[in-house]
Amino acid sequence: VQLVESGGGLVQPGGSLRLSCAASGFIFSSYDMSWYRQAPGKERELVAAITSAGGKTNYADSVKGRFTISRDNAKNTVYLQMNSLNPEDTALYYCNAVKLLWGNEFWGQGTQVTVSS
């Protein structure tokens, strides 16, 4: 099982980034997918989630209207489009896959997002 995040980097306030998470080794289309983030000295928090078929999404209040989660089950990839970034969005962003019915949960290694001028 692998979840490989990419797309992080350094961006100025107000800028945009698109994170990708490529999945392999499991039935991607059966799993709910999420993005979490963890800033230095803070707990990991849920940023956005999307159901297995992509019909429902959920966002943290702090990112609503700025971030969009999407998935392409044909490509086994989940995305996080991040707009209007601010320094408070600086964190290590993790991809998560979960199938509660099977008791399975997988994590990626994370991709760093730094918002700074």
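All of these numbers come straight from a predicted model, not from anything done at the bench.

Participant: Account for the packing of aromatic side chains, naming residues and giving values.
Facilitator: What the rule picks out here adds up to seven aromatic pairs. With centroids separated by 6.4 Å and ring planes inclined at 85°, the aromatic side chains of Tyr94 and Trp107 adopt a geometry described as edge-to-face. Linking Tyr94 in strand β9 (residues 91-99) with Trp107 in strand β10 (residues 104-107), this pair joins segments that are 13 residues apart in sequence. Its relative accessible area of 11% is what places Tyr94 among the buried residues. Judged by its relative accessible area of 34%, Trp107 falls in the partly exposed class.

Participant: Could you give an account of the pattern of salt bridges, with specific residues and numbers?
Facilitator: Under the definition given, this model contains four salt bridges. Note that Glu45 and Arg37 form a salt bridge whose closest N and O atoms lie 2.7 Å from each other. For Glu45, a relative accessible area of 33% gives the class partly exposed. Judged by its relative accessible area of 6%, Arg37 is buried.

Participant: For the sheet that holds strand β1 (residues 2-6), give the residues involved together with the corresponding values.
Facilitator: Strands sit in the order β1-β3-β8-β7 across an open sheet of four strands; the sheet is antiparallel. Looking along the sheet, the strands with just one partner apiece sit at the ends: β1 and β7 (67-72). On average, each strand axis in the sheet is tilted by 15° relative to the strand beside it, whichever way the strands run.

Participant: So what's going on with the state of the cysteines? Which residues, and what values?
Facilitator: What we call a disulfide is simply a covalent bond connecting the sulfur atoms of a pair of cysteines. Under the definition given, this model contains one disulfide. A disulfide bridge connects Cys21 with Cys95, and the sulfur atoms are separated by 2.1 Å. Taking the torsion about the S-S bond as the criterion, the Cys21 to Cys95 disulfide, at about -85°, is left-handed. Linking Cys21 in strand β3 (residues 17-24) with Cys95 in strand β9, this pair joins segments that are 74 residues apart in sequence.

Thresholds, definitions, all that
- Numbering of residues starts from 1 in each chain and follows the order in which that chain's sequence is written.
- Reporting in this predicted model follows two pLDDT cut-offs: at least 70 for local features of residues, and 80 or more for side-chain atom pairs to be given and counted; totals over whole chains, interfaces and linings ignore these cut-offs and use all residues.
- Calculated side-chain values reflect all of the structure's heavy atoms, with hydrogen atoms and water omitted.
- Whether two aromatic rings pair depends on their centres lying within 6.5 Å, for rings of Phe, Tyr and Trp, where Trp uses its six-membered ring; planes under 30 degrees apart make the pair stacked, over 60 edge-to-face, and the rest tilted.
- For the purposes of this entry, the term helix denotes a DSSP run of H or I that reaches at least four residues, the term strand denotes a run of E that reaches at least two, and both are numbered from the N terminus.
- Buried means the residue's accessible area, taken with a 1.4 Å probe over protein chains only, is under 20% of the maximum for its type, while exposed means over 50%, and partly exposed covers the values in between.
- For this document, the term salt bridge refers to a Lys or Arg side-chain nitrogen within 4 Å of an Asp or Glu carboxyl oxygen.
- Any two strands between which DSSP finds at least two bridges are classified as paired.
- Lines fitted to the C-alpha atoms define the axes, with helices restricted to the stretch that makes contact. Angles between their N-to-C directions range from 0 to 180 degrees.
- The rule for a disulfide is simple: a pair of cysteine sulfur atoms within 2.5 Å.

No statement about biological role is implied by the geometric values presented.
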